[in-house]
Amino acid sequence: MKIAVTGKGGVGKTTFAATLARLYADEGKKVLAADVDPDANLGLALGFDEETLDSIIPISKMRKLVEERTGANSQNQFYTLNPKVDDIPDTYGKVCNGVKLLVLGTVETGGGGCVCPEHVMLKRIISNLVVHRDDVVIMDMEAGLEHLGRGTTESMDEFIVVIEPGARSVQTYKNVKRLAKDLGITQVKVVANKVRNAEDEEFIRAKIPAEDLLGMIHYNVEVMDADRQGKSPYDFSETVTSEIRKIKEKIDNENSL
Ligand SMILES: Nc1ncnc2c1ncn2[C@@H]1O[C@H](COP(=O)(O)OP(=O)(O)OP(=O)(O)O)[C@@H](O)[C@H]1O
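I will try to describe carefully the structure that is included in this document. Being a predicted model, the structure only gives us computed values, none of them experimental. (Residues numbered from 1 in each chain as written. Predicted model: local features only at pLDDT ≥ 70, side-chain atom pairs only at ≥ 80, totals over all residues.)

On to the packing of helix H4 (residues 63-70) against helix H6 (residues 117-132). Each pair of packed helices gets described by two things: the angle between the helix axes and the distance between those axes. Relative to each other, H4 and H6 sit at 80°, their axes nearing to 10 Å. Considered as vectors, H4 and H6 are oriented roughly perpendicular to each other. Packed against H4, whose contacting residues are Val66, Arg69 and Thr70, the element H6 presents Pro117, Glu118, Val120 and Met121 at the interface. (Axes fitted to C-alpha atoms, helices over the stretch in contact; angles between N-to-C directions. Helix = DSSP H or I, 4+ residues; strand = E, 2+ residues; numbered from the N terminus. Parallel < 35°, antiparallel > 145°, perpendicular 65-115°, else oblique. Contact = placed C-beta atoms within 7 Å.)

Shown next, in the form of structure tokens:
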């Protein structure tokens, strides 16, 4: 199962992606969670301790590794577009609560198709994770889709946008849907987070087609408490975890798991 979770900063995609990863891990599945966010913090939400997280350098920032694998350096502007990357998840991934975390970071592409070595490397790793690994792979990504190539998207089972009940968030969903279409992704699903009341629920149902809506997660102070203490929301909020469990069941049904 390969799931990409996107959304604007702060909507709760990390909370959702981390809880989903832990739910799959609890079923005994091999789970790899990839953090593809400039403001990478998936590790804390998975339950990693700060010391371990401080020791992790995002792959996009490992200049030597990128040079070694792509052949690019200040003297050589020509480099390979298909570097060897299949060993990277196991060499650089760290495990906690049954989930392997791989922090990829991100590369500023200015919205276009940049072909800098770091970007080539990230795209290749993501493609390798999605196309060749048997694990459940959950990717926490920012709202842009620059790191996805066509070959990758074909092997993705779910493409999920996390939104909040607000007009700007709905706009993000529409933008992602448009970008996704250009990449050949026909189905973009929505998880509405931080839903406070019946009015919020109504707003979401009015704006998001029923077939695209995977589910709703209600606003819950336990999630904020978990964050404040640097803990996994999964260990802190049974309510939110069970809402995400329901969403997971829907994902599993859609993909006949
Ligand atoms: N259902 C919820 N109820 C209350 N607070 C929530 C909920 N979901 C997320 N939050 C809080 O909102 C903040 C942002 O959540 P989170 O880090 O999961 O979002 P994000 O979209 O991954 O953001 P970023 O891209 O900046 O990392 C955190 O403080 C988190 O605790």
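Turning to its location among the elements, Ile208 is positioned in the loop between helix H9 (198-207) and strand E8 (213-218). Note: C-alpha distance between Ile208 and Tyr173 (35 residues apart in sequence) is 9.0 Å. Apart from residues no more than four positions distant in its own chain, Ile208 is found in contact with Tyr173, Val190 and Leu213.

So, on to the environment of Arg205. Looking at the secondary structure, you find Arg205 in helix H9. Along the primary structure Arg205 and Pro165 are separated by 40 residues, whereas in three dimensions their C-alpha atoms are 9.9 Å apart.

Now for the site of the ligand. The full set close to the ligand counts 20 residues, and Gly9, Gly12, Thr14, Thr15 and Asp227 are the nearest of them. Of all the elements in the fold, those that place two or more residues in the shell around the ligand are helix H1 (13-26), strand E7 (189-195) and helix H10 (221-228). Here the shell around the ligand is composed, by residue class, of six nonpolar, nine polar and five charged. (Near = placed C-beta within 6 Å. Nonpolar A, V, L, I, M, F, W, Y, C, P; charged D, E, K, R; others polar.)

A separate point is the sheet that holds strand E3 (residues 94-96). The strand order E3-E4-E2-E5-E1-E6-E7-E8 describes an open sheet built from eight strands, whose pairing is mixed. In this open sheet, the two edge strands, each paired with only one partner strand, are E3 and E8. Averaged over all adjacent pairs, the angle separating strand axes in this sheet is 20°, with direction ignored. As paired elements, strand E2 (residues 31-36) and strand E4 (residues 99-103) share five bridges and run parallel to each other. Residue pairing across strands places Val31 opposite Val99, the latter belonging to E4. Sheet contacts for helix H8 (residues 167-182): strand E1 (2-6), strand E6 (158-163) and E7; angle to E6, the most-contacted strand, approximately 160°. The strands that helix H11 (residues 238-254) touches are E6, E7 and E8; relative to E8, the one it contacts most, it runs at about 175°. (Pairing = 2+ DSSP bridges.)

This next bit is on H11. Here H11 spans 24 Å end to end across 17 residues, near enough to the 24 Å set by a 1.5 Å rise per residue. Among the residues of H11, those classed as buried are Val240, Thr241, Glu243, Ile244, Ile247, Lys248 and Ile251. One side of H11 holds all its buried residues, which, seen down the axis, span an arc of 160°. Of the residues in H11, the exposed ones pointing more than 90 degrees away from the buried face are Glu238, Ser242 and Asn253. Buried residues along H11 sit in contact with H1, E6, E7, E8 and H10. In the stretch just after H11, Ser256 is the one whose phi turns positive, near 50°. (Expected span 1.5 Å × (residues − 1). Buried ≥ 20, exposed ≤ 12 C-beta atoms within 10 Å, placed from the backbone. Arc of directions from axis to C-beta.)

So, on to H1. The end-to-end C-alpha separation of H1 is 20 Å, in line with the 20 Å expected for 14 residues at 1.5 Å each. Among the 14 residues of H1, 13 are classified as buried, and the element is accordingly described as predominantly covered. Residue Gly28 follows H1 closely and has a positive phi angle near 90°.

Purely geometric numbers; function is a separate question.
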